[in-house]
Each structure stands twice: as structure tokens, then as C-alpha cells.
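# Report on the structure
Spelled out from the first residue to the last, the chains are:
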Amino acid sequence: MQAKCFLKALVCLSIYFAVLFITCFKHLGKSWQTSFISEGRNAWWWSSVARNSYTGELVMNRQDAGMEDGLEVAGQSFQNTSDFACEVGHRRDIINDGISAGSRRDASKICVGKGDNCTGRKDNCNTKGGNDIASRVELADEGTLSRRASRDEGDFQWVDADGGLRVYAAHYDDVRVPPVVVVVAIRSEAFDPAHGVICHFTNNADQDEAWEAKTSGQLVDLPGAGNKLYLAVYIICPIPEVTSRPKHLSIILHFNNLPNSLTVTYPAAGPPAHQVALCVPPVHSGYDIWRQTVETFELLQLLGVSLAHVYVAQAGVNLTRVFQHYAALGFLRLYSWRRPPAPIHTFGHLAAIHDCLLRMRHVAHYVAFADLDETIIPRVHATWPEMLRDVRGQQEEKGQRVGAFLFQNAFFHAVPKATNERPTPRRWRNRRNVRSPLINRQTKKAQGLGLVIATRLHRGKIWPVNKRSKAIVDPLKVHYLFIHYPVLLVENFSIVTVPHDLGLLHHYRSKWGRGREETTWDNGALRFVGPLTERVLRTLRNLFH
């Protein structure tokens, strides 16, 4: 009896010391990892990816980012500026959702936390908002670089001295009959559209006969602009009867006119090269949630999206490198959206998506409009094209011609509000596990990577139609959109709301409504977790090497 008691005591002591040893070992491991971080080495980060427990962030320096003399990405030039205190090239950043640890070459202090000040020249290491990448982005169509006289001008050209009307881009629009040139612009409330504008067309090509002509333009306010000082508008310019296509366009007022010039963008010849594409509204305020963006882009490609247009007002340094990676692959095109006039609804969201709609005509059969933290998940089909083809076929059998597909929104949370949700079995209460028959090594690996489709499985309410919904449209069948749904389609075409059991907009906005709305267990996206995890891991390897 005494021997049995002794053995039990010995086993208990062994377990106790084993747990103590493991705890101490983990603590020492963290200290060792921290020492590598402070030295600016990134070897440990990759080893954590290999162990499927990735929690680190991108390590940016001048050599890593290819910024020795400036960086060119998809027609954009990222220039180093000494004005920016914590610029890439003078320090290393390891940013984790707004928390950074970095060191400058000419300063011994390490910036840790949010908004710490570094010592040295003009050092204000504000790590929460990211760097003002928009002030260093130059964009020209067709991948060429353009230099502006003053970077304070931004990407909107002033038409009048008061800044009441500012123009962004001009696009040939053959959906309208007869074809016109549409200028995407922003006007102030004080600017009276009744004043009228003149569209001045020119053709300065070497091989064509030079000419110039003027027509009367019409200002059209875009719908849903909101109650702000500035509004998004179209300027509709009839095309003059000339011998060749106009190359350039200037907007002229009858008073206080300033010189401006836009290059007219024409659609590519031939059938659309892409089945489905994506338009992303302006990325602003130093947005730097790069890991979720990698997951979103990889999931979109898995679902059949082959092209994305992103408008950049101000992006964080890590997200900028992610954009660089996908632009180099040809999946992403970046459009600078610097300094839209303020106040305007969400950094000129409406103007940006209408500009993207015009650019996507004859480029893609279908175009989706969504943010970086949301994805339309097919609940039955494997890809977006299969889902759209099925829904369109069902509507055509009823004699309805479909020009746009609308998807209802639902927010997804990592933590449930378990008032009406089924109780979680005891064996699945560990956050590293998922109550689902799809539990396997791939799912656990996805959770170790922090993929939102594997960690946010508690769905809030499904919002009503036209409330936070997003659309996939045929760009040749839609004239105008609100942010959340189309409003004017070509004659005899209609909008169909896709049943949420066929397709649902999964919104993974961080901390939205957490603990406030009733939740329901929803693992509808987990069927993509296997191939998505492998794609994300492959992208992380490319980013780190």
C-alpha cells in the first residue's frame, strides 16, 4: 500500500516538474526570439511559418523592399523621402496590427508600442497609422511613370481657382448611345452645376492630323454621395465629329479656369480577357492589416477572380509590400488616390468605384465591388463563375435578363454571443479547434496562421437586401451604383438578389459588433480551407524570401 502511494506521489511530482520545465523553456524561447527581433533578423519568422504557428509580420528594410533608389510597382513609383521620420531604409519595422519594434541606423533607441518617439532627426515614429505612402506614389496609365510639378497637387486636377471642381480621369464610354467620354470628378456643394462646362478635345499624335474641338459638357451627380461638403460627379462630354479618336481632354469653365489635361482611356480591343474581376475602394488612413489581405487575395483567386483594381490613398508599409507582390504577379493594378478633397464620403468611395466600373468595361465579363475585409462565399458552387452562371440560368428561364447580382451581408466573429447559439461540445471548446466534421490537419494549420475563415465561425444576423450588401455586375449593363447596390442599369436588365444559401457576403471586419449581436455557428467557408492554406503559405514564403 505504501509502495502504491509512493508511486502515485512520484508520478504527480514528475508531471509537475515536466510542466514547469516546459513553461520555462517557452519563456526562454520567447526571450531568444525577442533578441533576434531586436537585431533585425527574420530567420525566426520563417521557422515559425514552417511550424504552422505564424504570428509575425513582414520585416521591411531598404534591401528587402527593393527601395535603393525607389520602387516601381504596376506603374507606380515609391520614392524615399527624408521628410518622413520613420521611413523605410532608415529603420527596420516589425509591425503587428499597429504595434512595432524597430531600430534606426543612426539612433540607438528602439521604438516599441503605439506612437513612441524616436530620437534623431524629425523622428516621430507613429506606428499606428503607417507611413504616408500616398505622398510617395506616382501613377501613369499603361505602366509608365509620370512626374508631377508639385506633390501637393495629389491626383485630382483643379479646374477652378477655388477648388470647387476637380477632375481625376477620362474614359471612353460606348455603353451610352451615342458614345461619349465620361470624366470622373468631384465638386463642392457651392459649385453650381448650372454654370455648365466645356469639353476641349485635342489630338496631338505624330501620325494623325492634329486638331482640337469643343463640346458642351453636362455635370451629373453620382447617387448616394451623402450629406458632405464634396460630391462625386460625372462630366458627360459628347465626342465631336472628327477624323480620329481624341487623345486628350480638358475641362473649361466660364470663370476662374485653371489649366488641366486628362488622357482619354479607351477599352482594349477584342473580348474581355477576364471572367471575373474585383474593384476595391480607396485604402486610406494607413490601413496595414496585411495578413488578412493576403488571405483575401488568395481566396479570391481560388474562387475564380483573376484581376483586381485597388485605389490607394494611404497604405501601411507592410500592406504596400503585399501590393507589390501581387502587382508583380499581374493580379493587381494600383491606382493612386492621393488627397481627394475633404470632407467627402469615405475618401471619395463613390468616385473610385465608378472610375473602376468604367475601366473594367471590355476587360472582364463580371466585376465585384468589395472591401479588403469581405468576401462573397459560394455556399454550394466551387467558384464565382459557376455560381453566377447557375443563378443567371435560373432567372433566364423566368424570362428575366440579369445585369447585376446582389449578395446579403453578415458579420463573422471569433467569439460567440451564446444566447441562441447551440452549446459547444466540451471537446471543441479549445479555440484552436473547430466544431466541424472538417477538423483535420489543414484546419489546424489555418488556425495557426490566423486565417479568418478558420477562426471566425460565429455569424451574426444576415442583413436585409440593400443594407451593407455588395454586388457583382456586368460592367456593360450598369450605369450607376450606390456603395452597396447598383441603381441604374441598361434598359431591360435587372438586379437579382442571390439567396444566401447559394452565396453570402462574409464580412470579417475586426471587432465590429463583437458581443452585441446574436450569433449562429457557420462553417460554410471551411470547405476552402485546405487549398487556401497552401496558397497562403506559398505566398508567405515568397514574401519572406
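Here is a short report on the structure shown in this document. (Residues numbered from 1 in each chain as written. Predicted model: local features only at pLDDT ≥ 70, side-chain atom pairs only at ≥ 80, totals over all residues. Heavy atoms only, no water.)

### Here we look at the nonpolar core
- Within the largest apolar cluster, 61 residues are counted, with the highest numbers of intra-cluster contacts made by Phe 297, Val 310, Phe 323, Leu 332, Trp 384 and Phe 405.
- Examining the composition of this core, we find that 6 residues originate from one element, helix H10 (residues 529–544), more than from any other. (Core = buried A, V, L, I, M, F, W, Y, C linked by side-chain atoms within 4.5 Å. Buried < 20%, exposed > 50% of the residue type's maximum accessible area, 1.4 Å probe, protein only. Helix = DSSP H or I, 4+ residues; strand = E, 2+ residues; numbered from the N terminus.)

### Some thoughts on helix H6 (residues 349–360)
- Its 12 residues give H6 an end-to-end C-alpha distance of 17 Å, which sits within 8% of 16 Å, the value for a rise of 1.5 Å per residue.
- H6 sits mainly inside the fold: 12 of its 12 residues count as buried.
- Those residues of H6 not exposed but buried are His 349, Leu 350, Ala 351, Ala 352, Ile 353, His 354, Asp 355, Cys 356, Leu 357, Leu 358, Arg 359 and Met 360.
- Backbone geometry just downstream of H6 places His 362 in the positive-phi region, at approximately 70 degrees. (Expected span 1.5 Å × (residues − 1).)

### A short note on the packing of helix H4 (residues 290–302) against H10
- Where H4 contacts H10, the axes come no closer than 9 Å and their chain directions differ by 125 degrees. Taken together, H4 and H10 sit at an angle that is classed as oblique. In the crossing of H4 with H10, the sense of the turn from one axis to the other is right-handed. Seen from H4, the contacting residues are Trp 290, Val 294, Glu 295, Glu 298, Leu 299, Gln 301 and Leu 302; seen from H10, they are Pro 531, Leu 532, Arg 535, Val 536, Thr 539, Leu 540 and Leu 543.
- By residue class, the composition of the contact of H4 with H10 is 9 nonpolar, 2 polar and 3 charged. (Axes fitted to C-alpha atoms, helices over the stretch in contact; angles between N-to-C directions. Parallel < 35°, antiparallel > 145°, perpendicular 65-115°, else oblique. Left-handed = near helix turned anticlockwise from the far one by under 90°. Contact = heavy atoms within 4.5 Å. Nonpolar A, V, L, I, M, F, W, Y, C, P; charged D, E, K, R; others polar.)

### Describing the pairing of strand S15 (residues 262–265)
- Burial along S15 is one-sided: the residues Leu 262 and Val 264 are buried and none of Thr 263 and Thr 265 is.
- Alignment of strand S9 (residues 165–173) against S15, held across 2 bridges, turns out to be parallel. Opposite Ala 170, over in S15, you have Val 264 as the bridge partner.
- One ladder, built from 2 bridges, connects strand S14 (residues 248–252) with S15; its direction is antiparallel. If you follow His 248 over to S15, its bridge partner there is Thr 263. (Pairing = 2+ DSSP bridges.)

### Quick look at the state of the cysteines
- Evaluated as defined, the whole model comprises 2 disulfides.
- Between the sulfur atoms of Cys 199 and its disulfide partner Cys 237 the distance amounts to 2.0 Å. Here the disulfide of Cys 199 and Cys 237 is left-handed, its torsion about the S-S bond being about -70 degrees. Of the two residues, Cys 199 is situated in strand S11 (residues 197–203) and Cys 237 in strand S13 (residues 230–238); the sequence distance between them amounts to 38 residues.
- Judged by relative accessible area, Cys 237 falls into the buried class, the value being 0%.
- Here Cys 279 pairs with Cys 356 through a disulfide, and the sulfurs are 1.9 Å apart. Across the S-S bond of Cys 279 and Cys 356 the torsion is about -80 degrees, and the bridge reads as left-handed. Here Cys 356 lies in helix H6 and Cys 279 lies in strand S16 (residues 274–283), a separation of 77 residues in the sequence. When sorted by exposure, Cys 279 lands in the same class as Cys 356, which is buried. (Disulfide = S-S within 2.5 Å.)

### Comments concerning the packing of aromatic side chains
- According to the stated counting rule, one finds 15 aromatic pairs in the structure shown.
- The interplanar angle of 65 degrees and the centroid separation of 4.6 Å between the aromatic rings of Tyr 168 and Trp 337 together place this pair among those described as edge-to-face. Placement of Tyr 168 in strand S9 and of Trp 337 in the loop between strand S18 (332–336) and H6 is noted, with a sequence separation of 169 residues between them. Like Trp 337, Tyr 168 is buried.
- Each ring, one from Phe 411 and one from Trp 463, has its centre 6.1 Å from the other, and the planes form 70 degrees; the classification is edge-to-face. Of this pair, Phe 411 sits in strand S22 (residues 409–413) while Trp 463 sits in the loop between strand S23 (458–462) and strand S24 (470–473), and the two are 52 residues apart along the sequence.
- Residue Trp 463 is classed as buried on the basis of its relative accessible area, which comes to 15%.
- Cluster of aromatic residues (ring-pair linked, three or more members): Phe 156, Tyr 168, Tyr 311, Tyr 335 and Trp 337.
- Positioned above the aromatic ring of Tyr 266 is the side chain of Arg 245, whose terminal nitrogen or guanidinium carbon lies 3.8 Å from the ring centre.
- For the cation-ring pair, Arg 468 lies above Trp 463, with the distance from its terminal atom to the ring centre recorded as 5.2 Å. (Phe/Tyr/Trp six-rings, centres within 6.5 Å; stacked < 30°, edge-to-face > 60°. Lys NZ or Arg CZ within 6 Å of the ring centre and 35° of its normal.)

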